[in-house]
Amino acid sequence: MPDITATVNEFVNELKKRKIEGSQTTSRLAAELLRSVISQQRLPYTNQAAALIDAVKAVGEKLIAANPVELAVGNIVRRVLHIIREEDLSLTTAAIGGLNVAGTSDDDVDDDTDDHPVLSAAAVAAASRSTLRPPSLQTLLEDIPVTTSVPPPSSSGGESEGKSKSADKSVRSRKLKHDVIEAVNELIQDIATCHEQIAEQAVEHIHHNEVILTLGSSKTVLKFLCAAKEKKRSFRVFVAEGAPRYRGHTLAKELVARGLQTTVITDSAVFALISRVNMVIVGAHAVMANGGIIAPIGLNMVALAAQRHAVPFVVLAGSHKLCPLYPHNPEILLNELRSPSELLDFGEFSDCMDFGTGPGSPLLHVVNPAFDYVPPKLVSLFITDTGGHNPSYMYRLIADYYSPDDFAVQPKPGS
Amino acid sequence: MWWRSPSFILDKQQHLQHPDDNGDEDSSYSTLTMTGAAQNPNPNSNISAYYQTRAAHHGVVTSDWLAQAQAAVGAREEGSDDGGEVEVGQKKKKVFDVIDEFNNWRKQPDLAEAVAAIRALASVIRSIEASTMMELEVELKKASDCLKSWDRTSISLTAGCDLFMRYVTRTSALEYENFSSAKARLIERAEKFGEISHKARKIIAMLSQDFIFDGCTILVHGFSRVVLEVLKLAAANKKLFRVFCTEGRPDRTGLRVSNEMAKLDVPVRLILDSAVAYTMDEVDMVLVGADGVVESGGIINVIGTYQIALVAHSMNKPVYVAAESYKFARLYPLDQKDMVPALRPIDFGVPIPSKVEVETSARDYTPPQYLSLLFTDLGVLTPSVVSDELIQLYL
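Residues numbered from 1 in each chain as written. Chains lettered and ligands numbered in written order. Predicted model: local features only at pLDDT ≥ 70, side-chain atom pairs only at ≥ 80, totals over all residues. Heavy atoms only, no water.

Peer 1: What is the right way to read the side chain of T214 of chain A from this model?
Peer 2: Residue and element names in this part refer to chain A. Assignment of secondary structure puts T214 in strand β1 (residues 211-215). By relative accessible area, T214 is classed as buried at 2%. In terms of polar contacts, T214 uses its side chain to reach the backbone carbonyl oxygen of I281, at 2.9 Å. Discounting residues that sit within four places of it in the chain, T214 has contacts with V221, V237, F238, V239, A240, L251, I281 and V282. (Helix = DSSP H or I, 4+ residues; strand = E, 2+ residues; numbered from the N terminus. Buried < 20%, exposed > 50% of the residue type's maximum accessible area, 1.4 Å probe, protein only. Polar contact = N/O pair within 3.5 Å; in protein donor to acceptor, adjacent residues only side chain to side chain. Contact = heavy atoms within 4.5 Å.)

Peer 1: Can you help me understand the pairing of strand β2 (residues 236-240) of chain A in this one?
Peer 2: The two faces of the sheet receive side chains in turn, since in a regular strand these alternate between them. Residue and element names in this part refer to chain A. Across the 5 residues of β2, 4 count as buried, placing the element largely inside the fold. Two strands pair when backbone bridges link them, and β1 and β2 are joined in this way by 5 bridges, in the parallel orientation. Counted as the bridge partner of L213 is F238 from β2. Remark: the β1/helix α9 (residues 219-230)/β2 crossover connection has right-handed handedness. As defined by bridge partners, β2 adjoins strand β3 (residues 261-265) across 5 bridges and the pair is classed as parallel. (Pairing = 2+ DSSP bridges. Right-handed = clockwise from strand over helix to strand, strands pointing away.)

Peer 1: Please explain the sheet that holds β3 of chain A as it appears in this structure.
Peer 2: In sheet architecture, strand pairing relies on hydrogen bonds along the backbone and comes in two forms, parallel and antiparallel. All names here are of chain A. Spatially, the 7 strands line up as an open sheet ordered β3-β2-β1-β4-β7-β9-β10, and their pairing is mixed. Both outer strands of the open sheet, β3 and β10 (387-389), are each paired with one neighbouring strand and no more. Each strand axis lies, on average, 25 degrees off the axis of its neighbour in the sheet, ignoring direction. As defined by bridge partners, strand β4 (residues 279-283) adjoins strand β7 (residues 313-316) across 4 bridges and the pair is classed as parallel. Across the sheet, residue G283 finds its bridge partner in β7, namely L316. (Axes fitted to C-alpha atoms, helices over the stretch in contact; angles between N-to-C directions.)

Peer 1: Looking at this structure, how should I read the confidence of the model for chain B?
Peer 2: Interpretation of the predicted coordinates at a detailed level should be avoided for regions scoring low in pLDDT. All names here are of chain B. Here chain B shows a mean pLDDT of 78. Residues at 70 or above account for 76%. Under a pLDDT of 50 for its full length, residues 1-41 has, in the predicted model, 36 contacts with residues more than four places off or in other chains. Complex prediction metrics read pTM 0.77 and ipTM 0.74. (pLDDT = per-residue confidence, 0-100.)

Peer 1: Mind showing me how you'd approach the pattern of salt bridges here?
Peer 2: Where charged atoms of side chains with opposite charge meet at close range, the side chains can pair. What the rule picks out here adds up to 21 salt bridges over all chains. Residue D179 of chain A is joined to K175 of chain A by a salt bridge in which the shortest nitrogen-to-oxygen separation is 3.3 Å. Separated by 4 residues within a single helix, D179 of chain A and K175 of chain A lie in helix α7 (residues 166-200), roughly one turn from each other. The exposure class of D179 of chain A is buried, given its relative accessible area of 16%. Two residues, D251 of chain B and R344 of chain B, come together in a salt bridge whose shortest N-O distance is 2.0 Å. Linking D251 of chain B in the loop between β2 (241-246) and α11 (253-263) with R344 of chain B in the loop between β7 (319-322) and β8 (363-366), this pair joins segments that are 93 residues apart in sequence. Side by side, D251 of chain B and R344 of chain B carry an identical accessibility label, which is buried. One continuous salt-bridge network, built from bridges that share partners, spans R245, R338 and E342 of chain A. (Salt bridge = Lys/Arg side-chain N within 4 Å of Asp/Glu carboxyl O.)

Peer 1: Looking at this structure, I do not really get the packing of helix α6 (residues 113-127) of chain B against helix α8 (residues 155-170) of chain B. What am I missing?
Peer 2: Residue and element names in this part refer to chain B. Following both chains from N to C, one finds α6 and α8 inclined at 45 degrees, their axes separated by 8 Å at the closest point. Relative to α8, α6 is oriented oblique. For the crossing formed where α6 meets α8, the hand is right-handed. Mapping the contact onto sequence places E113, A114, A117, I118, L121 and I125 in α6 and S156, L157, G160, C161 and F164 in α8. Of the residues contributing to the contact of α6 with α8, the split by class is 8 nonpolar, 2 polar and 1 charged. (Parallel < 35°, antiparallel > 145°, perpendicular 65-115°, else oblique. Left-handed = near helix turned anticlockwise from the far one by under 90°. Nonpolar A, V, L, I, M, F, W, Y, C, P; charged D, E, K, R; others polar.)

Peer 1: Even after reading the chapter, I still don't get the sheet that holds β2 of chain B, so can you show me in this structure?
Peer 2: Residues and elements named next belong to chain B. Read from one edge of the open sheet, 7 strands run β3-β2-β1-β4-β7-β9-β10, paired in mixed fashion. Strands with a single pairing partner mark the edges of an open sheet, and in this sheet they are β3 (268-271) and β10 (379-381). Each strand axis lies, on average, 25 degrees off the axis of its neighbour in the sheet, ignoring direction. Sheet topology places strand β1 (residues 216-221) next to β2; 5 bridges connect them, and they run parallel. Looking at the pairing, I218 lines up with V243 of β2.

Peer 1: Hey, could you run me through the packing of aromatic side chains in this one?
Peer 2: For any pair of aromatic rings, the description consists of the separation of the ring centres together with the inter-plane angle of the planes. Evaluated as defined, the whole model comprises 7 aromatic pairs over all chains. Both rings, one in Y326 of chain A and one in F211 of chain B, keep their centres 6.4 Å apart while their planes meet at 55 degrees; by these two values the pair is tilted. A residue pair is termed interchain when its members come from two chains, as with Y326 of chain A in the loop between β7 and α13 (330-333) and F211 of chain B in the loop between α9 (179-208) and β1. Note on F211 of chain B: relative accessible area 5%, which makes it buried. Between F102 of chain B and W150 of chain B, the aromatic rings sit 6.3 Å apart at their centres with planes inclined by 80 degrees, giving edge-to-face as the arrangement. Separated by 48 residues along the polypeptide, F102 of chain B in helix α5 (residues 90-106) and W150 of chain B in helix α7 (residues 133-150) bring together distant segments of the chain. Side by side, F102 of chain B and W150 of chain B carry an identical accessibility label, which is buried. Aromatic rings pair up to connect Y326 of chain A together with F211, Y320 and F375 of chain B into one cluster. Lying across the ring of F348 of chain B, R249 of chain B places its NZ or CZ 5.8 Å from the centre. (Phe/Tyr/Trp six-rings, centres within 6.5 Å; stacked < 30°, edge-to-face > 60°. Lys NZ or Arg CZ within 6 Å of the ring centre and 35° of its normal.)

Peer 1: Help me understand unusual backbone geometry, please; the structure alone is not making it clear to me.
Peer 2: Leaving glycine out, the prevailing phi sign among residues is negative, and the prevailing peptide bond configuration is trans. Here the bond from A243 of chain A into P244 of chain A is cis, since omega is 0 degrees, no more than 30 degrees from zero. Of note, P244 of chain A is situated in the loop between β2 and α10 (247-257). Here the residue pair R249 of chain B and P250 of chain B is connected by a cis peptide bond, since its omega of -5 degrees sits within 30 degrees of zero. The phi torsion at D265 of chain B lies on the positive side, around 65 degrees, for a residue other than glycine.

Peer 1: Looking at this structure, how should I read helix α15 (residues 394-401) of chain A?
Peer 2: Every α-helical turn comprises 3.6 residues, leaving residues that sit three or four positions apart pointing alike. For α15 of chain A, the tally of buried residues reaches 7 of 8 residues, placing the bulk of the element in the interior. Those residues of α15 of chain A that fall on the buried side of the exposure criterion are M394, Y395, R396, L397, I398, A399 and Y401 of chain A.

Peer 1: Help me understand the domain arrangement of chain B, please; the structure alone is not making it clear to me.
Peer 2: Residues and elements named next belong to chain B. Looking at the assigned domains, one finds that chain B contains domain 1 (98-199) and domain 2 (212-346 + 358-394). Of note, the centres of domain 1 and domain 2, computed from C-alpha atoms alone, are 28 Å apart. Domain 1 puts 18 residues into the contact, and the matching count from domain 2 is 16 residues. Together, the buried faces of domain 1 and domain 2 total about 1,400 Å²; carbon and sulfur atoms form 64% of this surface. Counting the surface domain 1 buries against domain 2, the share from its top three residues, T153, I155 and R166, is 38%. Counting every contact that joins domain 1 to domain 2 gives 0 salt bridges. (Domains from an automatic or database assignment. Buried area = accessible area lost by both parts, 1.4 Å probe.)

Written out as structure tokens, the structure reads:
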């Protein structure tokens, strides 16, 4: 597998150099990379799922460490891990169901180290409850006796169900890999189509003669607005230019090309104009577990202005941006300081920024953070590819997409 | 009483109607249970047994208060003896068993209230001579109702009983077993519950480590085993933080907490309950335990939590709650007076003229909008998750 390590390293390098941008591209590439990792991974006879999980985790740790701020990578790694767990479970349940019906008995008991077949169907159901669902009150009393739940002899169906054929097993191992790759393909498909699915809901949210405000540029927002325009809605868009990268300019250009009435404003004019706005629609960099968002710089200000005038603040985010972590210290841990050259021209300011000439430290500092944290109480609505959700509902989506064992892929998060 | 919410009035009426209901039923057992319940062994029925025990376990008590408590306990025993003389019959014995058993367990300072309740129910299962599952369920239901009505002020007692009853009625595994093994399984689970509660605290401590960063100041109110576990683990992880403890009148729980912190070499400052707003600008987060987490996601906790949460909210400081998930209770208080009043004696050190009314409530309700996150063994939750969990379990 030398070539897969090379691909991984290449991807890691590109992440480190920030050559890959945008969470959609990053997550698609990450998913594709993990898919090839899985397809090239050799599987042992027993415990294939664990082997796969280990392999994916090893690669995942590298990817996350390469760019910890790009949370989408971590999300995809966790999604893939969850997929493996899910597929493994559905396979074992199916296998045991089959065995129960067949009632075959065979003599090779030795490979029973694989723990699934000895358990009764009820035990497997219990296991599925505990692995796939996050812990809940319901399972509180049922959960503990994982070790003690070996059912009493009177209740188990019979000893014959305990054995499985090795031939059957190798079929199963191939099947597991196949199923996992299939599911990862679906995931890649989802990532690719998430813009369209979000855009489909545009007409429900944008009405005639409304004024929409957005800041910077986001592909999701562009598609969303265009979808509303295509469905014959006529509305106006205010675009805050999004200093220091001024991506709002490109967004404005594209909107005008599609025939939308567009107004470009400076970021500092947002508060002045917010009273005329009906709805703020923005994209996010990542959605945290508490419903807060990590968003391009300047959005917290927009959210506060919107709250002041009771304007709905709507965030568009594909489900790959959903991150199962809580922002403990978002301003410091989940931010990135970009080059000062985006703000200032080195030619003009080189004398006051020069470390060599002056005595001691330079008097001029430039700080250029890339992201803002917008707390959940400022967000009115999330529109994801599965529909519109309240910020306080994010945890439920997270419970659907991730298994709790994978929340900490890294040994030390945030370091 | 026009300002009270309707649910409160309904509760009240139910409570009053209880004896009448019993009269209609001809089952002698049920009458006995109910009379056992209605005749609250606590003679000062307006004093909360739950908060008495808490104070005895966690507070630094004055000798004066101790004497008072002693008197109360003595009176209570007398009361229950009276009851014993009035009630005759073999089954009554069992009813009292539950409560006695429960009281034995709750006397252990390390045991959570819900654990004590579930252990008491387990002992009921053990002593019951029922021969079918249905019978067992009915008997158990009676015992748990009796236990619940014995101390209405204890939320974790109610929640623990409900959780266990739900387990008994809902667990599909029990349906396929014969009666004796099902019974054994139930008893085993109940015994294990102490372990769960212990494990839950460990999980909560681990989950909350991410939120305690170096150099932070934590304001702690009330004595909570979970909070203590969190702080202990943080200290063991060599985090640098300091703790502000409120004094916690009238139990003076703050003294106990500050003692524990001093033992751990954590810098600690004891503040007056009334100094919370004064010190809040230095505080980075408020960390409290909970007596119960209600369906709205709000918490019920020792008195003073609400005002601390209000101060913290107005100064934009996060309020974190550490609570085990078995404290989730199916209650939906709409305001402070919407719960059964839990009162406890307060020692002012000087005689209070009889004309002066003293507010003696031991707990208050903190609405969910003032809480940031709940640290539970189910994970770190936003307050709105609580109702989801409860609905999943009980509907």
